[in-house]
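What the coordinates show
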Number of protein chains: 2
Amino acid sequence: MTRRVTIADIAAAAGVSKGAVSYALNGRPGVSETTRTKILAIAAEMGFVPNRAARSLSVSSAQAVGIALRRSARTIGIEPYFMELISGIEATLSAGSFGLTLQIVGTVEEELEVYRRWWAERRVDGVFLCDVGTSDQRLDFIADLGLPAVAVGGPIEGARFPAVWHDDAEPSRDILEYLYALGHRRVARIAGIPGLLHTAIRDKAYDDTAADLAFESVTTIHSDYTGEQGAQITRRLLSSAKRPTAIVYDNDVMAVAGLGVAHELGLEIPEQLSLVAWDDSQLCRLTHPALTSLTRDIPAYGAKCAEVLMSLIGAATETALQTTETRTFSVQCKPAQLSPRGSTGPAQN
Amino acid sequence: MTRRVTIADIAAAAGVSKGAVSYALNGRPGVSETTRTKILAIAAEMGFVPNRAARSLSVSSAQAVGIALRRSARTIGIEPYFMELISGIEATLSAGSFGLTLQIVGTVEEELEVYRRWWAERRVDGVFLCDVGTSDQRLDFIADLGLPAVAVGGPIEGARFPAVWHDDAEPSRDILEYLYALGHRRVARIAGIPGLLHTAIRDKAYDDTAADLAFESVTTIHSDYTGEQGAQITRRLLSSAKRPTAIVYDNDVMAVAGLGVAHELGLEIPEQLSLVAWDDSQLCRLTHPALTSLTRDIPAYGAKCAEVLMSLIGAATETALQTTETRTFSVQCKPAQLSPRGSTGPAQN
DNA sequence: CTGAAAGCGCTTACAG
DNA sequence: CTGAAAGCGCTTACAG
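Rules and cut-offs
Residues numbered from 1 in each chain as written. Chains lettered and ligands numbered in written order. Predicted model: local features only at pLDDT ≥ 70, side-chain atom pairs only at ≥ 80, totals over all residues. Heavy atoms only, no water. Axes fitted to C-alpha atoms, helices over the stretch in contact; angles between N-to-C directions. Helix = DSSP H or I, 4+ residues; strand = E, 2+ residues; numbered from the N terminus. Parallel < 35°, antiparallel > 145°, perpendicular 65-115°, else oblique. Left-handed = near helix turned anticlockwise from the far one by under 90°. Contact = heavy atoms within 4.5 Å. Nonpolar A, V, L, I, M, F, W, Y, C, P; charged D, E, K, R; others polar. UniProt positions renumbered as here; feature names shortened; annotations may be inferred. Near = heavy atom within 4 Å. Polar contact = N/O pair within 3.5 Å; in protein donor to acceptor, adjacent residues only side chain to side chain. Pairing = 2+ DSSP bridges. Expected span 1.5 Å × (residues − 1). Buried < 20%, exposed > 50% of the residue type's maximum accessible area, 1.4 Å probe, protein only. Domains from an automatic or database assignment. Buried area = accessible area lost by both parts, 1.4 Å probe. Salt bridge = Lys/Arg side-chain N within 4 Å of Asp/Glu carboxyl O. Least-squares fit on C-alpha atoms with pLDDT ≥ 70 in both.

1. With respect to the packing of helix α11 (residues 227-239) of chain B against helix α12 (residues 252-264) of chain B
Residues and elements named next belong to chain B. As a packed pair, α11 and α12 sit with axes 8 Å apart at the nearest point and diverge in direction by 45°. Judged on the interaxial angle alone, α12 and α11 are oblique. Two packed elements cross with a definite hand, and for α11 against α12 that hand is right-handed. Taken together, the residues of α12 that come into contact with α11 (itself represented by G227, G230, A231, T234, R235 and L238) are V253, M254, A257, G258, V261, A262 and E264. Across the contact of α11 with α12, the residue classes break down as 7 nonpolar, 4 polar and 2 charged.

As structure tokens, this is what we get:
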């Protein structure tokens, strides 16, 4: 159990004041180049790493950001989305040697409480807001707190902090046009949670596109994103008299579950039924046939979100320095691209 | 942007010293009951939450623990295991109002560096060590640092800190006996990464059990746990002359991929091939047929790991107080149970 | 039981 | 360019 070295140790070894050590270490004026290099050498030799708490207390910054996820213990694991997002976030954070504090909560109330506590404790300098809703009390709550934040999703009208988002309307249109071109006229969509912003955006895009094309029917049924509901709703849809010839799922987990149901009912894919998934994770390539899906680069998205938050916090990460224009209030990322695979084919009515 | 209230504010409002406020808040002797209740009331009214950095600096404790995960951005999401584990860990941590710092790393060197930095910065009071290897340099590294830690996996011989683990030998035996009873005589296992401790334990258990029963062949092929390799190895196995009638997978993702390959080859499940998965996540119930698998309660496991770490750190969580005997160096959890589903059936040789 | 003071390890004006 | 000092917001011996 080695002892931790402090600036006092370095100061003593270098024969200078603690202040000088601090200036040297932080690349600030106030020390000559010779003393600076000498101090730096000694610090490196002694393996100095500054005590976070002391630094935080001095500069009033936690050197960390937080993310609160509202899911149950059982369902959180199944969505590859979050881990990929976090993974991307971290890539940017580490560059600025910021830490990520993660908290899983059960209810909105708990989530708000976490934000308040984090803010009051100064445990984090900013937060990522996930699963943005169409009318989301967390937005004002966080803004009122004065806690820097980035919404992972958008666009958000009248937002008081930046939102980083993909346009979901265009891919929604892409899917329907693609299915239409394949001859599908009865299409169903098993959508996500109705209160979520991106669900609403997709809802509207589907409706708009459907109105432009001569579909026989385009139905949307909302779900809770779980495989159970995906399976259940698929079973119901496929048991109806005029069953759809194509089903679009708002995530990958439900699509996999839907494929399971299709197998269960003995339907040939894609001959008798075409399936499309949103959020292409590795899952979509594990099944047979592989699932046609909408592909986004989630780690890159997470990295972008982190960049915006860092620049908001004013942290001097390299990336943040390069792209100070990310301070704008809405950052749009490249929309999801359709990746056609074996689960879609021409309709046989 | 409300102002954060400090103990100085409370002291002023209550007309006492900061020391008195601290004693009152921390339930220590040194203040009369009347002043204590008065101070507490004022603190509550002002919405006081202590500044973490200041507290940490004083007591030399970060009030946080860390977990470093070594995966790539693309593959980390697919394994439900980690999020479930983290979710369980958090349930215990929140009770003691400890935070969880998460870091995703690419290499062992990076991981060791993270531990050293965390320790030097005093950013965490302890860490969880995942993916324990048969010969794991991280064990001594962490122990030498004097950083409290819990190994998520074991048992570890001569360990210098506690390990929390499930017995994997018994379930391994269960699977083989079950398959044998179903009449399977050619069984293959697509195992995980060879260097991992639990892989080695399962390897031995399979070998031992196989030796006790009259199998025609029991082969083990190691993999990297990804769906790609799961699919690839399954394809190779099923294309061989004397193909196995049952395949056991060391995780769920590979099992799902294996099922996809079976479908691809037109094999009837379970008539022509039985499949078994380890680590029953929701994934196993999404497919058709649903996958027979070995079920463990991962969130509960995570909670147990956190309990042991908290007790090690000496934090006064309620759970830790109740179970101080968790300071022992090896905590065994309930082994995984076989959950038979549609993917296994009698062998048709 | 209570108050004044020192200290945790940094940063940062402020004099020399 | 350099040093001594105060301060961040807590905790905790140490006197009264």
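2. Description of the UniProt feature "domain: HTH lacI-type" (unreviewed entry) in chain A
UniProt records the feature "domain: HTH lacI-type" (unreviewed entry) for residues 5-59 of chain A in the present numbering. In residues 5-59 of chain A, helix accounts for 69% and strand for 0%; the two terminal C-alpha atoms are 20 Å from one another.

3. Considerations on the packing of helix α6 (residues 108-121) of chain A against helix α7 (residues 137-145) of chain A
Residues and elements named next belong to chain A. Contact pair α6 / α7: the axes reach a minimum separation of 11 Å and the direction vectors enclose 15°. Taken together, the axes of α6 and α7 are roughly parallel relative to one another. Considering how the two elements wind past one another, α6 and α7 form a crossing that is right-handed. Contacts from V108, E111, L112, Y115, R116 and W119 in α6 reach Q137, R138, F141, I142 and L145 in α7. Looking at the contact of α6 with α7, its residues break down into 7 nonpolar, 1 polar and 3 charged.

4. Concerning the protein's contact with DNA strand C
If you check the shell around DNA strand C, you find 24 residues, and the closest are S22, Y23 and S58 of chain A together with G30 and S32 of chain B. Counting only atoms of DNA strand C within 4 Å of the protein, the fraction found in sugar and phosphate groups is 54%. Here S58 of chain A contributes a side-chain N or O atom positioned 2.4 Å from a base oxygen of DNA strand C. A distance of 3.1 Å separates a base nitrogen of DNA strand C from a polar side-chain atom of S58 of chain B.

5. Some points on the protein's contact with DNA strand D
The full set close to DNA strand D counts 25 residues, and G30 and S32 of chain A together with S22, Y23 and S58 of chain B are the nearest of them. Take the atoms of DNA strand D that sit within 4 Å of the protein: sugar and phosphate atoms are 55% of them. S32 of chain A has a polar backbone atom sitting 2.5 Å from a phosphate oxygen of DNA strand D. In the environment of DNA strand D, a base nitrogen lies 2.8 Å from a nitrogen or oxygen atom belonging to the side chain of Y23 of chain B. Elements with a contribution of two residues or more to the surface near DNA strand D: α4 (52-59) of chain A together with α2 (18-25) and α4 (52-59) of chain B. Counting residues per element, the surface near DNA strand D draws most heavily on α4 of chain B, at 5 residues. In terms of residue class, the surface near DNA strand D is built from 11 nonpolar, 11 polar and 3 charged.

6. Here we look at the sheet that holds strand β2 (residues 99-105) of chain B
Taken together, the 12 strands give an open sheet; going across it, the order is β11(A)-β5(A)-β4(A)-β3(A)-β1(A)-β2(A)-β2(B)-β1(B)-β3(B)-β4(B)-β5(B)-β11(B), and neighbouring strands pair in mixed fashion. Looking at which strands have only one partner, the edges of the open sheet turn out to be β11 (330-333) of chain A together with β11 (330-333) of chain B. Pairs of neighbouring strands in the sheet enclose a mean axial angle of 25°, with direction left out of account. Of the strand pairs in this sheet, strand β4 (residues 149-152) of chain B and strand β5 (residues 163-166) of chain B are connected by 2 bridges, and their pairing is parallel. The partner of V152 of chain B across the bridge, within β5 of chain B, is V164 of chain B. Sheet strands in contact with helix α5 (residues 80-95) of chain A are β1 (64-70), β2 (99-105), β3 (126-129) and β4 (149-152) of chain A together with β1 (64-70) and β2 of chain B, and its direction is about 85° off that of β2 of chain B.

7. Quick notes on helix α13 (residues 298-313) of chain A
Residues and elements named next belong to chain A. For α13, spanning 16 residues, the distance from its first C-alpha to its last is 22 Å, which sits close to the expected 22 Å at 1.5 Å a residue. Of all 16 residues making up α13, 12 are buried, and the element is well covered by its neighbours. I298, P299, Y301, G302, A303, C305, A306, E307, V308, L309, M310 and S311 are the residues of α13 that are buried. Directly after α13, the chain includes G314, whose backbone phi takes a positive value near 85°.

8. Comments concerning the domain arrangement of chain A
Many descriptions give the size of an interface as the accessible area lost when the pieces come together. All names here are of chain A. Assigned domains within chain A: domain 1 (7-50), domain 2 (64-166 + 299-333) and domain 3 (169-295). Taken over C-alpha atoms, the centre of domain 2 sits 29 Å from the centre of domain 3. Counting from both sides, the interface comprises 13 residues of domain 2 and, opposite them, 11 residues of domain 3. Between domain 2 and domain 3, a total of about 880 Å² is buried, with carbon and sulfur atoms accounting for 67% of that surface. Area buried by domain 2 at its contact with domain 3 is led by E79, P80 and T134, which between them contribute 40% of it. Our count for the contact surface shared by domain 2 and domain 3 stands at 0 salt bridges.

9. With respect to the relation of the copies chain B and chain A
Superposition of chain B onto chain A requires a rotation of 180° combined with a translation of 0.0 Å along the rotation axis, giving an RMSD of 0.1 Å. Taken together, the rotation and translation describe the operation of a two-fold axis. When the interface residues of chain B are mapped onto chain A, 100% of them again lie at the interface, so the same face is used by both copies.

10. Notes on the interface of chain B and chain A
Across the contact, 62 residues belong to chain B and 62 residues belong to chain A. Across the chain B/chain A interface, buried area totals approximately 5700 Å², and carbon plus sulfur atoms make up 59% of it. The largest contributions to the chain B side of the interface with chain A come from R4, M83 and L286 of chain B, which together make up 14% of the buried area. Where chain B touches chain A, the interface holds 2 salt bridges.

11. Here's the deal with the pattern of salt bridges
Evaluation of the coordinates by the stated rule reveals 49 salt bridges over all chains. The salt bridge involving E33 of chain A is made with R36 of chain A; its shortest N-O contact spans 3.2 Å. Highlighted residues: E33 of chain A and R36 of chain A, both in helix α3 (residues 33-46), separated by 3 residues, approximately one helical turn. Overall, R36 of chain A belongs to the buried group, its relative accessible area being 12%. Across the pair D279 of chain B and R296 of chain B runs a salt bridge, and its minimum N-O distance is 2.6 Å.

12. Quick word on the environment of A200 of chain B
Examined against the element boundaries, A200 of chain B turns out to sit in helix α10 (residues 197-212). Placed 16 residues apart in sequence, A200 of chain B and H184 of chain B show a C-alpha to C-alpha distance of 24 Å.

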